[in-house]
Amino acid sequence: MIHPVSSVYWFNMRIFVALKNRLCCRVKINMIRGIIFCLLVSISASAQVEFPISLGTKKISAKAFVNDYRKLLESDSIKADNKQKFLSDYIDYQLKLVAAEDAKIANTPGFQDEYQSFRKELASPYLIDNEKTETLVREAYARLKFEKQIAQILVKVPANPTAADTLLAFQKINNIRTKLLAGEAFDVLAKKYSEDDLSAPKGGSLGYVTSMQLQYALENAVYALEVNAVSPIVRTETGYHLVKVLAIRPNQGKIRLAHILVSVPVNAATALQVDAKNRIDQVQKYLEKGDDSFELICKNYSEDPYSKGRGGELRRWYYSSDLSEELQNQLFSIQRLGDYTAPIRTNLGWQIFKLLDKKPLLSYEEMAEYIRQKVMTDPERVAMIRRSFMTRVRAENQVVIVEAAKKIALERFAQDRVGDEYYLKMPLVQIGEKSWTVQDFYTFIIAQQKRKLKALGYLPSVPETVYLEEFVDNHTMTVEEQHLETKYPAFQEQMKEFYEGSLFSKIVERDRKSTRLNSSHANVSR
């Protein structure tokens, strides 16, 4: 029988007694049997009573009740044919939450620390420009399809350069570029003027590179060039570059290797060099004879203590761009698995490499997560993502920089001040109803300068305009974080689930401790 909507029943005497005894307050459950049934079978019935469950001051809406039921049903946490058990467990769960709230567990430092830590972690994907991130990930994969052989000419800029340092370096690279445009050979100029000690003796050659191996600005220049083209002047934190593309080829994929090493330093005496060469030649003869396996010969003759026990296996995959220019072509030209190279002189000594496995470039779907991690650890790409995000949230939060105050703030920061100047109280930044003054901005700059001085040991030259952008971004981000529950219903729901779940676990643990303590006291009294 379905009772009229206007009827009011005590849902369960056991719950009523528990409420009366355990919560010490008269809490009425205003749930109509017909409404309960309808809620569990049809969402349309939920409109009949807005709050069918009332636990003291806590009211549970029909919509929330049905949502909870359906989520548990869809996750297979409950069975559709056992509605009565769900109702009983649901009420017990809500009673625990009421008890936890009455005990003010949410106000304890431990709970707040956990809650804020979870919120910070959950907020991360909401505080990033996911579209920009995806664009950079796809760009990186598109570039990975090709490897470019490049050469460079570098003029270095010192750390924390002065304006004079920067100008001098630019004039040097510009003079070199003028010589290039006049027809002088790139490799000749690289040998004569480049300040990259490794590549300059080789005419600036860096071998084959691919995406995510160079500084992003330099990578952009490389992937904008065709064969034999030279880039405009490129500025990175290292200095000024000119880059030339020597060749382009499809990505060679990746290989897995084993090796036999006869160790000898590059600058070793001639006698040691000759002895090492003789020993690697003997190893090659053993391999060609074929009486023993590569693995056995490696165990007997290799001087790499880390790999010889595994038959020389090097436990990683290598892309061509991971290898020195000398090794790239020789190792990736091995065609068949199990084949090995002739002895190769490297900076470790003499090596013979065996091809264990070879795979082509993986699909975008297979590499997307790996690339995303690389993108999110690249400072230049991360800065681009943050800038894109901050541009959007500044607009959404209606951030206003007061131009008159900005002009005064930037002009007068370096001037001596008493501390009561009128302009210090001028509103500089406004976000909604909140505002920050010129004094707040100056306090921020001083704090940042102290932090940099402590971390670096010197005070880098940072324009006040850069500090202002950081100041505005920091406050915009704080406001954005505070409004996540309002802007994103999914975030609000996840935080609610954590809040209630944490309350429930803590009140249950408290009750268990109380029961054990009471039991212990009872045993002592006996």
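Structure shown above.
Starting afresh in each chain, residues are numbered from 1 along the sequence in its written order. In view of the model being predicted, local features appear only for residues whose pLDDT reaches at least 70, and side-chain atom pairs are presented and counted only at 80 or more, with totals across whole chains, interfaces and linings using the full set of residues. Values reported for side chains reflect all heavy atoms of the structure, with hydrogen atoms and water molecules removed beforehand.

K.L.:
Tell me about the overall build of the chain, and name the residues and values.
P.N.:
A run of H or I in DSSP counts as a helix once it spans at least four residues, and a run of E counts as a strand once it spans at least two, with each numbered from the N terminus. The helix and strand tally for the chain stands at 19 helices and 13 strands. Burial classes follow relative accessibility: with a 1.4 Å probe on protein chains only, a residue under 20% of its type's maximum area counts as buried, one over 50% as exposed, and anything between as partly exposed. A buried classification covers 40% of the 526 residues belonging to the chain. Residues count as neighbours in contact if any of their non-hydrogen atoms are within 4.5 Å of one another. For the chain, long-range pairs separated by at least 24 residues make up 66% of all intrachain contacts whose partners lie at least 6 apart in sequence. By element, 54% of the accessible surface of the chain is carried by carbon and sulfur atoms, the whole surface being about 29800 Å². Surface exposure here means Shrake-Rupley accessible area, sampled with a 1.4 Å probe, where a residue is shielded only by the protein chains that are shown.

K.L.:
An account of the sheet that holds strand 11 (residues 399-401) is requested, with residue identities and associated values reported.
P.N.:
When DSSP finds at least two bridges between two strands, those strands are taken to pair. If you trace the 3 strands from one edge of the open sheet to the other, you get 11-12-13, paired in antiparallel fashion. Each having just a single partner strand, strand 11 and strand 13 (434-437) make up the two edges of the open sheet. If you compare each strand with its neighbour and ignore which way they point, the axes differ by 15° on average. Here 4 bridges tie strand 12 (residues 427-431) to strand 13, and the two strands are oriented antiparallel to one another. Each residue of the ladder has a partner; that of Pro427, found in strand 13, is Thr437. The strands that helix 17 (residues 464-482) touches are strand 11, strand 12 and strand 13; relative to strand 12, the one it contacts most, it runs at about 30°. Between the N-to-C directions of two axes lies an angle of 0 to 180 degrees, each axis being a line fitted to C-alpha atoms and, for a helix, fitted only over the stretch in contact.

K.L.:
So what's going on with the packing of helix 6 (residues 130-144) against helix 13 (residues 364-375)? Which residues, and what values?
P.N.:
For the pair helix 6 and helix 13, the least separation of the axes is 9 Å and the interaxial angle reads 115°. The angle between helix 6 and helix 13 places the two elements in the roughly perpendicular class. With respect to the hand of their crossing, helix 6 and helix 13 are arranged in right-handed fashion. From helix 6, Thr133, Glu134, Leu136, Val137, Arg138, Ala140, Tyr141 and Leu144 reach across to helix 13, where they touch Tyr364, Met367, Ala368, Ile371, Arg372 and Val375. Taken together, the residues that form the contact of helix 6 with helix 13 break down as 10 nonpolar, 1 polar and 3 charged. Roughly parallel refers to an angle under 35 degrees, roughly antiparallel to one over 145, roughly perpendicular to one between 65 and 115, and oblique to any angle outside these ranges. Handedness of a helix crossing follows the sense of rotation of the near helix relative to the far helix, less than a right angle counterclockwise being left-handed and clockwise being right-handed. Under the grouping applied here, Gly and all other residues not named as nonpolar or charged are polar, the nonpolar ones being Ala, Val, Leu, Ile, Met, Phe, Trp, Tyr, Cys and Pro and the charged ones Asp, Glu, Lys and Arg.

K.L.:
Which residues make up the pairing of strand 4 (residues 205-209), and what values go with them?
P.N.:
Taken across its 5 residues, strand 4 has 4 buried, putting it largely inside the fold. Judged from the 4 bridges that link them, strand 3 (residues 146-156) and strand 4 form a sheet pairing that is antiparallel. Residue Ala151 lies in a different strand from strand 4, and its bridge partner there is Ser205.

K.L.:
Can you break down helix 5 (residues 109-123) residue by residue, with the values?
P.N.:
Helix span is expected to be 1.5 Å times the residue number reduced by one. With 15 residues, helix 5 extends 21 Å between its outermost C-alpha atoms, agreeing within 8% with the 21 Å of an ideal straight helix rising 1.5 Å per residue. Of the positions making up helix 5, those classed as buried are Phe111, Tyr115, Arg119, Leu122 and Ala123. Looking down the long axis of helix 5, one finds its buried residues gathered within 95° of arc, a one-sided arrangement. Away from its buried face, by an angle of more than 90 degrees, helix 5 presents the exposed residues Pro109, Asp113, Lys120 and Glu121. The directions from the helix axis to the C-beta atoms are what the arc is built from.

K.L.:
Describe in detail the environment of Ile91, supporting the description with residues and values.
P.N.:
When you line up the elements, Ile91 lands in helix 4 (residues 83-102). A C-alpha to C-alpha distance of 9.2 Å links Ile91 and Leu55, two positions 36 residues apart in sequence.

K.L.:
So, the side chain of Thr133: which residues are in play, and what are the values?
P.N.:
Within the secondary structure layout, Thr133 lies in helix 6. Discounting chain neighbours no more than four positions away, the residues touching Thr133 are Ile128, Arg372, Met376 and Ile385.

K.L.:
Any chance you could break down the packing of aromatic side chains for me, citing the residues and the numbers?
P.N.:
Here a Phe, Tyr or Trp ring, Trp counted by its six-membered ring, pairs with any other such ring whose centre lies within 6.5 Å, and the pair is stacked when the planes are under 30 degrees apart, edge-to-face when over 60, and tilted otherwise. Under the definition given, this model contains 17 aromatic pairs. Between the aromatic rings of Tyr422 and Tyr423, the centroid separation amounts to 5.7 Å while the plane-to-plane angle is 90°, which identifies the pairing as edge-to-face. The lysine or arginine in question, Arg316, covers the ring of Tyr318, its NZ or CZ lying 4.2 Å from the ring centre. Ring-over charges, as used throughout, are those where CZ of Arg or NZ of Lys falls within 6 Å of the ring centre and within 35 degrees of the ring normal.

K.L.:
Give a description of the sheet that holds strand 8 (residues 318-319) that names residues and reports values.
P.N.:
Adjacent strands of a sheet pair through backbone hydrogen bonds, lying either parallel or antiparallel. Across the sheet, which stays open at both edges, the 4 strands sit in the order 8-7-10-9 with antiparallel pairing between neighbours. Sheet topology places strand 8 and strand 9 (344-346) at the edges, where each strand pairs with a single neighbour. Here strand 9 runs beside strand 10 (residues 349-359); their pairing, made up of 3 bridges, is antiparallel. Bridge pairing in strand 10 places Thr346 opposite Gly349. The sheet contacts of helix 11 (residues 294-301) involve strand 7 (254-263) and strand 10, and relative to strand 7 the element is tilted by about 40°.

K.L.:
Provide a residue-level description of the pattern of salt bridges, including the pertinent values.
P.N.:
Salt bridges are identified by distance alone: a Lys or Arg side-chain nitrogen within 4 Å of an Asp or Glu carboxyl oxygen. Per the counting criterion, the structure on display carries 28 salt bridges. For the salt bridge of Glu134 with Arg372, the shortest nitrogen-to-oxygen distance reads 2.9 Å. One end of the pair, Glu134, is in helix 6; the other, Arg372, is in helix 13, with 238 residues separating them in the sequence. Residue Glu134 is classed as partly exposed on the basis of its relative accessible area of 26%. A relative accessible area of 24% means that Arg372 is categorised as partly exposed. Its salt-bridge partner being Glu396, residue Arg392 comes within 3.1 Å of it at the nearest N-O pair. A residue pair is termed a helical-turn pair when its members lie 3 or 4 positions apart in one helix, as Arg392 and Glu396 do in helix 14 (residues 379-396) at 4 residues. Through salt bridges with shared partners, a single ionic network connects Glu139, Arg143, Glu219, Asp378 and Arg381.

K.L.:
A description of unusual backbone geometry should follow, citing residues and the corresponding values.
P.N.:
Residues other than glycine seldom take positive phi values, yet Met212 does so here, at roughly 70°. The phi dihedral of Gln398 is positive, around 55°, even though this residue is not glycine. The topology assignment puts Gln398 in the loop between helix 14 and strand 11.

K.L.:
How would you sum up the packing of helix 10 (residues 270-289) against helix 11? Please name residues and give values.
P.N.:
At a minimum axis separation of 10 Å, helix 10 and helix 11 run at an interaxial angle of 155°. As far as their axial angle goes, helix 11 and helix 10 are roughly antiparallel. Helix-helix and strand crossings are classified by hand; for helix 10 and helix 11 the assignment is right-handed. Between helix 10 and helix 11, the residues in contact are Val283, Tyr286 and Leu287 and Phe294, Ile297 and Tyr301, respectively. Across the contact of helix 10 with helix 11, the residue classes tally to 6 nonpolar, no polar and no charged.

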